Amino acid sequence: MRRVPATLEIIPLGTGAAFALPDQAQSGYLIRAGDSAVSLDLGAGTFNRLLGQIDPIHLDAVVISHLHPDHLADLLAARIYMAYGPGVGHPLEVHAPPGLMERLEAIVDGDSWAGITAHDLPTGGGVLERGDLTIRHAEVPHLPPTHAVRVEHGGRSITYGADCRPNDALAALADGTDILVAECSFGTSEIPEGAMHMNAEAAGEIARRAGARRLLLVHGYPDVDREGAVRAAAGAFGGPVEWAREMTVYAA
Ligand SMILES: [Zn+2]
């Protein structure tokens with residue numbers, strides 16, 4: 001029987017970076033409330049985990065934050081499920097930066113993409129109403145364009161920063177959010193000159209500026225000092241911090 005959460009919650013399907021720990025998947029997050037559900041990103045290893053939580057025909061939308069492969073690779077698996085498997089007749093509504101389908105079709109040329117209906121995310125940002133969820137998105141500095149996403153329901157919110165370097169747009173989008181999911185590629189190390197990712201201190205600083213209630217760190221590379229990163233992020237934030245655990249329910 002399908003579990004119906006009463007309040008807004010997030011289940012990290014995968015929290016790894018572009019290469020990950022042996023037991024990690026790449027980026028993917030299921031956010032749901034009541035009968036409404038969205039997936040933010042579908043990196044490698046996340047679609048099978050999604051199947052363990054919800055039949056994808058019940059997803060109101062999938063939002064792909066940007067076109068790096070570790071955030072979208074499992075659309076290749078989703079396509080099969082929706083075009084030839086149990087999802088036939090229920091195409092997945094995918095919102096992504098322009099160019100998604102050209103990239104996917106370059107990998108699987110000439111095969112059926114009937115299982116996916118793709119929509120371009122508008123430049124700068126916007127808002128989608130899907131089911132009982134309000135989905136706000138805003139561009140953040142990373143591979144242009146990359147969208148951070150905030151999902152709201154019943155006065156609660158969860159904000160996913162996608163990949164990004166330190167910036168003002170994420171702090172603004174996450175204003176007063178209950179849970180901020182922030183990337184921490186570099187852990188306790190300095191952010192290299194020109195890099196488009198964050199470290200723990202930067203993630204904590206954005207959580208502090210946003211007035212977030214709680215910070216979940218994700219997208220750390222395998223060699224990151226995880227305990228040190230939590231201390232550094234908590235020092236900058238001043239609120240509760242932990243590394244997001246995959247397949248764990250976090251209620252907003
Ligand atoms: Zn990226």
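The model shown is predicted, which means the values in this text are computed figures rather than measured ones.

Draft legend 1. Summary view of the pairing of strand β3 (residues 36-42). Judged by how many residues are buried, β3 sits mostly within the fold: seven of seven residues are covered. Here six bridges tie strand β2 (residues 28-33) to β3, and the two strands are oriented antiparallel to one another. Of the residues in β3, the one forming a bridge with I31 is V38. Counting the residues in the hairpin turn of β2 and β3 gives two residues, including G34, whose phi is positive at 55°.

Draft legend 2. Structural context of a negative patch on the surface. Together, E102, E105, D109 and D120 line one region of the surface with negative charge. Position of D120 among the secondary structure elements: in strand β6 (residues 116-120).

Draft legend 3. Here's a closer look at unusual backbone geometry. In this model, P144 is joined to P145 through a cis peptide bond whose omega is -10°. Its location among the elements puts P145 in the loop between β8 (133-140) and β9 (146-153). Located in the positive-phi region is D41, a residue other than glycine, with phi close to 65°. When you line up the elements, D41 lands in strand β3. Phi at H219 is positive, roughly 60°, even though this residue is not glycine. Given a relative accessible area of 2%, H219 falls into the buried group.

About the cut-offs
Residues numbered from 1 in each chain as written. Predicted model: local features only at pLDDT ≥ 70, side-chain atom pairs only at ≥ 80, totals over all residues. Heavy atoms only, no water. Buried < 20%, exposed > 50% of the residue type's maximum accessible area, 1.4 Å probe, protein only. Helix = DSSP H or I, 4+ residues; strand = E, 2+ residues; numbered from the N terminus. Pairing = 2+ DSSP bridges. Patch = residues over 30% accessible without salt bridge, like charges linked within 9 Å, V, L, I, M, F, W, Y side chains within 5 Å. Areas by Shrake-Rupley, 256 points an atom, 1.4 Å probe, with all protein chains shown as cover. Salt bridge = Lys/Arg side-chain N within 4 Å of Asp/Glu carboxyl O. Lys, Arg positive; Asp, Glu negative; His and termini not counted. Charge placed at Lys NZ, Arg CZ, Asp CG, Glu CD.

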